[in-house]
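# Structural characterization, general
Now for the letters of each chain:
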Amino acid sequence: MRKRVTILAAKINEVERMGVQIGRVEKSEWRRKQIQLIASETILNGEVVVSELPLVSVPTEDCLLKNPAWVLTQVIVRNTKLLEHFVGLQLKVSDFTMHLDADDLSLRKKMSVLSNLDEKFVQRIYFGFATNNIAYFRSCDRDIGGYGIYPLLSRSNHSCRPNVDIRPGNIKKREVQLVAIKDIEKGEAIAWSYVNAPEFLSACRAVRVNTLLEYFCFACQCDRCNMEMRLKLKE
């Protein structure tokens, strides 16, 4: 008989905040009952908005499976307490169905057997990690040190006109921070660029949308993309 994993709803906020060192944000309902982060106070350019430690993480040298999401899945399905925490967070999974190839299906089956969890449940966990994993840094130069789940940071949206930037915090603790790159008013949505490459934000909308679809499985609907689409339709 397969194990069932549940968590009390009352503990969701507790789990979500357990690694937060600085959190000048609050959750707000967004499109189609999604959750976003908004500033809980006025934040000035250069100030830290959120600073968080990972719920679970793996260094790049341990990413021996197909991708980091599968490595994270392998770690968490073996730890009942972490698994309960992750499931209880109810983090968003991409609206686009992720394709599973033969290697993915093999890994799904293997982890189902090892953990005594249903294959579809293992797949759900994998999709959650694939959608929400965030890279952490091994140096101030922002060289990627590994990947983790940062529950509060995962609530923040992408924007092609971001108001925060992702940066290393305490590197030894794998801490990640969102730092304001402009003044942010109380109640303003917190958004950063999921693609950490200078050329991405200077690219045209088509390139940005295709990049996000390929790597993050969502179609960008930020204010900048919507405005550029309207202008294109008027041509």
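Scroll up to find the structure this text is about.
In this report, we go over the structure that sits alongside the text. Note that the coordinates shown come from a computational prediction; the quantities given were computed from them, not determined experimentally. (Residues numbered from 1 in each chain as written. Predicted model: local features only at pLDDT ≥ 70, side-chain atom pairs only at ≥ 80, totals over all residues. Heavy atoms only, no water.)

## Here we look at the side chain of S156
On the secondary structure map, S156 appears in the loop between β7 (144-149) and β8 (157-158). Side-chain polar atoms of S156 contact the side chain of W192, separated by 2.8 Å. Residues within four places of S156 in sequence aside, it is in contact with L37, L178, I190, W192 and Y194. (Helix = DSSP H or I, 4+ residues; strand = E, 2+ residues; numbered from the N terminus. Polar contact = N/O pair within 3.5 Å; in protein donor to acceptor, adjacent residues only side chain to side chain. Contact = heavy atoms within 4.5 Å.)

## Regarding helix α5 (residues 119-132)
Relative to the 20 Å expected for 14 residues at 1.5 Å per residue, α5 spans 20 Å between its end C-alpha atoms, a close match to the ideal helical length. Along α5, the residues that are buried comprise F121, V122, Q123, I125, Y126, F127, G128, F129 and N132. One side-chain oxygen at the N-terminal end of α5 lies 2.9 Å from the backbone nitrogen of K120; it belongs to D118. (Expected span 1.5 Å × (residues − 1). Buried < 20%, exposed > 50% of the residue type's maximum accessible area, 1.4 Å probe, protein only.)

## Let's talk about unusual backbone geometry
Of note, N116 is a non-glycine position whose phi angle comes to about 60 degrees, a positive value. The phi dihedral of R142 is positive, around 70 degrees, even though this residue is not glycine. Looking at the secondary structure, you find R142 in the loop between β6 (134-137) and β7.

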